[in-house]
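# Examining the three-dimensional arrangement
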Amino acid sequence: MKWCLSKVCTAYIFIPLVHTKKQKFIGRGESYLNIKKRFRQRCALHSINFNDHGLFLQIVCSESALASQVWTLLFIERYTAKKKEYSLSAPFSPKNILQASLTEKDLEQLLKEGQDWDVYVMTPSQEKIRLASMTEPELLYFLKDGKMLIPFITIQGNISFKLQSPGLIVRTEQIQFIGKDHLFIKGCFLHPSWSKQPGRLKGMLVLSSSEDEYAYKAPLKIGNRFSSLNEHNHGVSINYEAVIPIKELFIRDYEAVRLKGRIEILYSEANGNSMSASSPIKVKFARFSKRTLIRKRNGQKKAITLAPAPKARQLIISIYPYNFKKNIKGKMNSGIVFLKRHPMIKQVYKHAFYWLGKLPSSKKVIVFESFLGKQFSDNPRAIYEYLKQHQYPYTFYWSADKKCLDQFKDKNVRYVRRFSLKWLFILPRARFWVTNSRMPVWLPKPKQTTYLQTWHGTPLKRLAADMDEVYIPGTTAENYKKNFIKEAQNWDYLISPNAYSTEIFRRAFQFDKDVLETGYPRNDFINYHAAGETKQKLADKYSIPSSKRVILYAPTWRDNQFYGKGKYRFDIQLDLDLMQKMLGEEFVILFRLHYLVSENLDLTAYKGFAYDVSRHEDIRELYVMADLLVTDYSSVFFDYGNLKRPMVFYVYDIEQYRDHLRGFYFDFEKEAPGPLVKTTEEMIQVIKDMQAEGFQPSAKLDSFFEKFCYLEHGDSTRKVVEKVFPKQKTNRFS
């Protein structure tokens, strides 16, 4: 067991309860408005300290805490909403200073029972207040059994604790240009396993682009002195400096490159040499703003900028051609983007939306949205096409994400960019909203608007209030469930594909209004287009030979694999070389990634065998095209079941997904309408076996169809339209 408290970064911060405009505050390069907003949160960290007995915290609050009142320090696990409570006392004067102590046993429980813990103060009136802090408590940790618990500050400036594996910890204290020829970086580092400064200590500062396509290494000057971090442990903090000649960064003639920095340390141990690398260097000291240096390289001006990433605060070194006019234009665009994203603009937009919603509604306007405006597809598309085909007297608009406008431009549909001014004037006055995913929770639904939530799948994995753990960036389990249920209260109708889903939807969404148990409108297409003519037409579009069988691979996203909020990554766990070798003569494979996944697949090495169809406008056409579906836990197999074609389930991570990420509503391993495989080799063998048997579906498919697909006979859209929309028709339509 080890404790660590850095003397140079001890978080002794006193938050004044009264302040003037002239006061200066030490933050993370924040604006005055952000700091002022933090003060209004009323509870902030005063000091934090690991010692022989555990963790000791002092908190300053903006209201007096009488000793007779009960205040509580609350730790909430971000992904599971598990809670740990510790008593707070006010033994000092002034009485607005509270303190709490966590024992070693308490810290061990935090290590054992969670990943990220957010910290709150519970007032005597049971009000929860997020605990804020004004500086980053760097180089502090609690180490036990190969696991490390460290405090950190969130993007919003609040204190949290996270679990991570022991490794090199770096603090950066100074980053600056020296004249026009050098870049200087200074800081300190430590490793939890070091009880004293190791022998033969050598270090490098590595500046590299993504995937190390470009890398420059500068030797570190390591200070001879080191500091023991507190009197109770043997941890050491070691100083470092690095000086980088600017000309060395121009060795490779890249048009533009973005570099991140990390520290690599080579040191000797009893059993030989070891190497440890840090995570990307972060800029957390006060008032660090973007810095730019202009230099000439081979007669061309180039700019080098130093700036922290907006959220993660990682140091970004950008090198790019410099043009004065483009630079001014770029600054203007950045200013516009800053204004658009400012919280005050969001509040103005929200209030404008609310008051526009008070105006008389446009009774003949329907707004459709599919997957957050990213597609012209799914249940909303089926309803739109039915209304238009049958000449219902409405004006139709599609809500389109600004990055996906190309999806709508050639469809002969009227669309409006999501969150634009035009969208602001249309949406709050529309008579109907039709969408298959949630609208922003901050968006007030006008009383005169009817909100039809079509949803987008039969649930296998747990949803909303039924989820035990929520691994979604930018939120906590508690907030995710609360916001989901709050938005669901705006729905007037909810479409369900079967009785099984209805029961789950009502409970998981806490929805008590009208459920339309009609089957999914999107699957009407499957019933009408399963014949060979449509399939061949689609195959011709992608130049797929008619002699080859088509495998559709459509996996779901993983909650814990993401780049950021709303941007998920997907790691393909298939050996495509082996698949092409064993199946390439007779098969092609289509990759259809989930709409939340931001991956751009590079399949050029498998041309003629593997195709990326993730941006194909509607998966229903791909269902018809495919002879065989390969998926995992995605709801696509419930829709594909209407075709009664064979399915394979590639579930290489089923134990983690079932037991930790989501959990299932039924025994998937027993009831899945197809074989489950965990390796590429197993999948290839199963596909070959299916081919030998003439691609006959699983014996389980009949019972599966009767439970999940029994309502979908080609008339689901009609049933929904007749229930929700007025029946009067006219020859005028849009």
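Our subject is the structure listed above.
Since we're looking at a predicted model, the values are computed, not measured. (Residues numbered from 1 in each chain as written. Predicted model: local features only at pLDDT ≥ 70, side-chain atom pairs only at ≥ 80, totals over all residues. Heavy atoms only, no water.)

## Focus on the packing of helix H5 (residues 378-389) against helix H19 (residues 716-724)
Defined as follows: What counts as an axis is a line fitted to C-alpha atoms, over the stretch in contact for a helix, and the angles between N-to-C directions run from 0 to 180 degrees. Strands here mean DSSP runs of E at least two residues long; helices mean DSSP runs of H or I at least four residues long; both are numbered from the N terminus. An angle below 35 degrees is read as roughly parallel, one above 145 as roughly antiparallel, one from 65 to 115 as roughly perpendicular, and any other as oblique. Throughout, a contact is declared for two residues whenever any of their heavy atoms are within 4.5 Å.
It is at 10 Å that the axes of H5 and H19 come closest, and there the two elements cross at 75 degrees. As summarised for this structure, H5 and H19 are arranged roughly perpendicular, according to the angle between their axes. Each of Ala 382, Ile 383, Tyr 386 and Leu 387 in H5 lies in contact with H19, whose residues at this interface are Thr 717, Arg 718, Val 720 and Val 721.

## As for a positive patch on the surface
In plain terms, the rule: Exposure above 30% relative accessible area and the lack of any salt bridge qualify a residue for a patch; like charges then connect within 9 Å, and the nonpolar side chains Val, Leu, Ile, Met, Phe, Trp and Tyr within 5 Å. Accessibility throughout is a Shrake-Rupley quantity obtained with a 1.4 Å probe, and a residue counts as covered only by protein chains that appear here. A side-chain nitrogen of Lys or Arg and a carboxyl oxygen of Asp or Glu constitute a salt bridge if their distance falls within 4 Å. Under the convention used here, Asp and Glu are negative, Lys and Arg are positive, and both His and the chain ends fall outside the count. The location of each charge is read from NZ of Lys, CZ of Arg, CG of Asp or CD of Glu.
A cluster of like positive charges, contributed by Lys 311, Lys 340, Arg 341, Lys 402, Lys 403 and Arg 417, occupies part of the molecular surface. Structurally, Lys 311 can be placed in the loop between strand E21 (300-308) and strand E22 (315-321).

## Quick word on unusual backbone geometry
Even without a glycine there, the phi angle at Ala 464 is positive, about 40 degrees. Structurally, the position occupied by Ala 464 is in the loop between strand E27 (450-453) and helix H8 (477-488). In this model, Gln 510 sits at a positive phi of 50 degrees, which is unusual for a non-glycine residue.

## Regarding the sheet that holds strand E37 (residues 676-677)
The condition that has to hold: Following DSSP output, two strands are said to pair if at least two bridges run between them.
Spatially, 6 strands are ordered E34-E33-E30-E35-E36-E37 in an open sheet, and the strand pairing comes out parallel. The sheet is open, and its two borders are formed by strand E34 (610-612) and E37, each paired with just one other strand. Pairing of strand E30 (residues 549-553) with strand E33 (residues 587-591) involves 5 bridges; the strand directions are parallel. Paired with Val 550 across the strands is Val 588, a residue of E33.

## Topic: helix H2 (residues 104-113)
Put simply, the rule reads: In this scheme, a residue with accessible area under 20% of its type's maximum is buried, one over 50% is exposed, and one in between is partly exposed, where area comes from a 1.4 Å probe on protein chains only. Throughout, the arc means the angular range of directions from the helix axis out to the C-beta atoms.
Where H2 is concerned, the buried positions are Asp 106, Leu 107, Leu 110 and Leu 111. One face of H2 carries all of its buried residues, which in axial projection span an arc of 140 degrees. Structural note: H2 exposes Lys 105 and Lys 112 on the side pointing more than 90 degrees away from its buried face.

## Quick notes on the packing of aromatic side chains
What counts is decided by this rule: In this scheme Phe, Tyr and Trp rings, the latter by its six-membered ring, pair at centre separations within 6.5 Å, and the angle between planes marks the pair as stacked below 30 degrees, edge-to-face above 60, and tilted otherwise.
Across all of its chains, the model carries 49 aromatic pairs by this definition. With centroids separated by 5.5 Å and ring planes inclined at 85 degrees, the aromatic side chains of Phe 75 and Tyr 86 adopt a geometry described as edge-to-face. With Phe 75 in strand E4 (residues 71-77) and Tyr 86 in strand E5 (residues 83-88), this pair connects stretches of sequence that are 11 residues apart. Side by side, Phe 75 and Tyr 86 carry an identical accessibility label, which is buried. A ring pair is formed by Tyr 480 and Phe 484, whose centres lie 5.8 Å apart and whose planes are at 70 degrees; its orientation type is edge-to-face. Here Tyr 480 pairs with Phe 484, and both are found in helix H8, just 4 residues apart, close to one helical turn. For the pair formed by Tyr 480 and Phe 484, the shared burial category is buried. Within the aromatic cluster, the residues linked to one another by ring pairs are Tyr 500, Tyr 633, Phe 637, Phe 638, Phe 649, Phe 664, Phe 666, Phe 668, Phe 704 and Phe 708.

## Examining the pattern of salt bridges
Going through the model one piece at a time under the given rule, you end up with 28 salt bridges. For Lys 84, the salt bridge identified is with Glu 113, shortest N-O distance 2.8 Å. In this pair, Lys 84 is assigned in strand E5 and Glu 113 in helix H2, connecting sequence segments 29 residues apart. Under the relative-accessibility criterion, Glu 113 is labelled partly exposed at 27%. Across the pair Asp 118 and Arg 130 runs a salt bridge whose closest N-O atoms are separated by 3.1 Å. Placement of the pair is Asp 118 in strand E7 (residues 116-122) and Arg 130 in strand E8 (residues 128-130), with a sequence separation of 12 residues. Per residue, the accessibility class of Asp 118 equals that of Arg 130, and both read buried.

## Thoughts on the nonpolar core
Note the following rule: Residue types Ala, Val, Leu, Ile, Met, Phe, Trp, Tyr and Cys, when buried and joined through side-chain atoms within 4.5 Å, form a set referred to as a nonpolar core.
Core analysis: the largest hydrophobic core is formed by 99 residues, its most contacted members being Ile 383, Leu 452, Phe 509, Phe 668 and Phe 725. In contact with Phe 668, other than residues within four places in its own chain, are Leu 460, Asp 632, Tyr 633, Phe 637, Phe 649, Val 651, Ile 654 and Leu 676.

## Observations regarding the environment of Phe 725
The residue Phe 725 is located in the segment after H19 in this model. Taking the relative accessible area as the measure of exposure, Phe 725 reaches 3% and is therefore buried. Spatially, the C-alpha atoms of Phe 725 and Leu 387 are 9.1 Å apart, while their sequence positions differ by 338 residues.

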